[in-house]
Amino acid sequence: MSQDIEQLTALNRDYIDSVQNSDVKRFDQILAQDFYCSNPDKTLIDRAAFLKQTAVPVTIRNLRAEDVKIRILGDFAIIHAATRYTMADGQEGRGRYTDCWAKQDGKWLAVSAHVSR
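Keep in mind that what you see is a predicted model, and the values were worked out from it rather than measured.

## Remarks on the nonpolar core
In globular proteins that are soluble, nonpolar side chains generally tend to be buried together. Core analysis: the biggest nonpolar cluster contains 24 residues, and Leu8, Tyr15, Leu31, Phe35, Phe50 and Trp101 have the highest contact counts within it. Sorting the residues of this core by element identifies helix H1 (2-21), helix H2 (24-30), strand E1 (31-38), helix H3 (47-55), strand E3 (61-73), strand E4 (76-86), strand E5 (92-104) and strand E6 (107-116) as the ones contributing at least two each. Not counting residues within four places of it along the chain, the set of residues in contact with Trp101 comprises Leu8, Leu11, Tyr15, Ile30, Asp75, Phe76, Ala77, Ile79, Trp108, Leu109, Ala110 and Val111. Counting six residues, the second-largest nonpolar core is a separate cluster that includes Ala32, Ala102, Leu109 and Val111.

## A word on the pairing of E4
Here E4 lies mainly inside the structure; eight of its eleven residues are buried. Pairing geometry for E3 and E4, over nine bridges, is antiparallel. Bridging across to E4, Arg71 finds its partner in Ile78. Hairpin geometry of E3 and E4 is characterised by an intervening segment of two residues between the two adjacent antiparallel strands and by a positive phi of about 70 degrees at Gly74. Taken together, the eleven bridges between E4 and E5 define a ladder with antiparallel strand orientation. Residue pairing across strands places Ile79 opposite Asp99, the latter belonging to E5. Here E4 folds back onto E5 in antiparallel fashion, the turn holding five residues, of which Gly90 has a positive phi close to 95 degrees.

## So, H3
Here H3 has its buried residues at Arg47, Phe50, Leu51 and Thr54. Buried positions in H3, seen along its axis, are confined to an arc of 100 degrees and lie on one side of it. Counted as exposed and oriented over 90 degrees from the buried face of H3: Ala48 and Lys52. Contacts made by the buried residues of H3 are with H1, H2, E1 and strand E2 (44-46). Capping of H3 at its N-terminal end is provided by Asp46; its side-chain oxygen lies 3.3 Å from the backbone amide nitrogen of Ala48.

Calculation rules
- Residues numbered from 1 in each chain as written.
- Predicted model: local features only at pLDDT ≥ 70, side-chain atom pairs only at ≥ 80, totals over all residues.
- Heavy atoms only, no water.
- Core = buried A, V, L, I, M, F, W, Y, C linked by side-chain atoms within 4.5 Å.
- Buried < 20%, exposed > 50% of the residue type's maximum accessible area, 1.4 Å probe, protein only.
- Helix = DSSP H or I, 4+ residues; strand = E, 2+ residues; numbered from the N terminus.
- Contact = heavy atoms within 4.5 Å.
- Pairing = 2+ DSSP bridges.
- Arc of directions from axis to C-beta.
- Polar contact = N/O pair within 3.5 Å; in protein donor to acceptor, adjacent residues only side chain to side chain.

This is a description of form; function is not addressed.
And the structure:
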């Protein structure tokens, strides 16, 4: 279990870094083929649309995850966390996310995300 926590902690960090840096390549490695994301604007997008969305540079800076809670349920895990970031106008922004991960062929992959701001 501790190895899974370590892996999911690193993957969560990679996920946040990939959002901040528009790292489509890393997302391509850690997203399941059937990945879906619920965006803050209430749209539901599939993996291809998420990668296309990720390729557009974000206008926020200093994105970080806080209050991270990782729950492992066999070969399934749920990560809940809060985010803080600096918006383009210098104001601080906050949000929350819930990411779901499934262990497929011994590898953790993100299967869904829900983001709110």
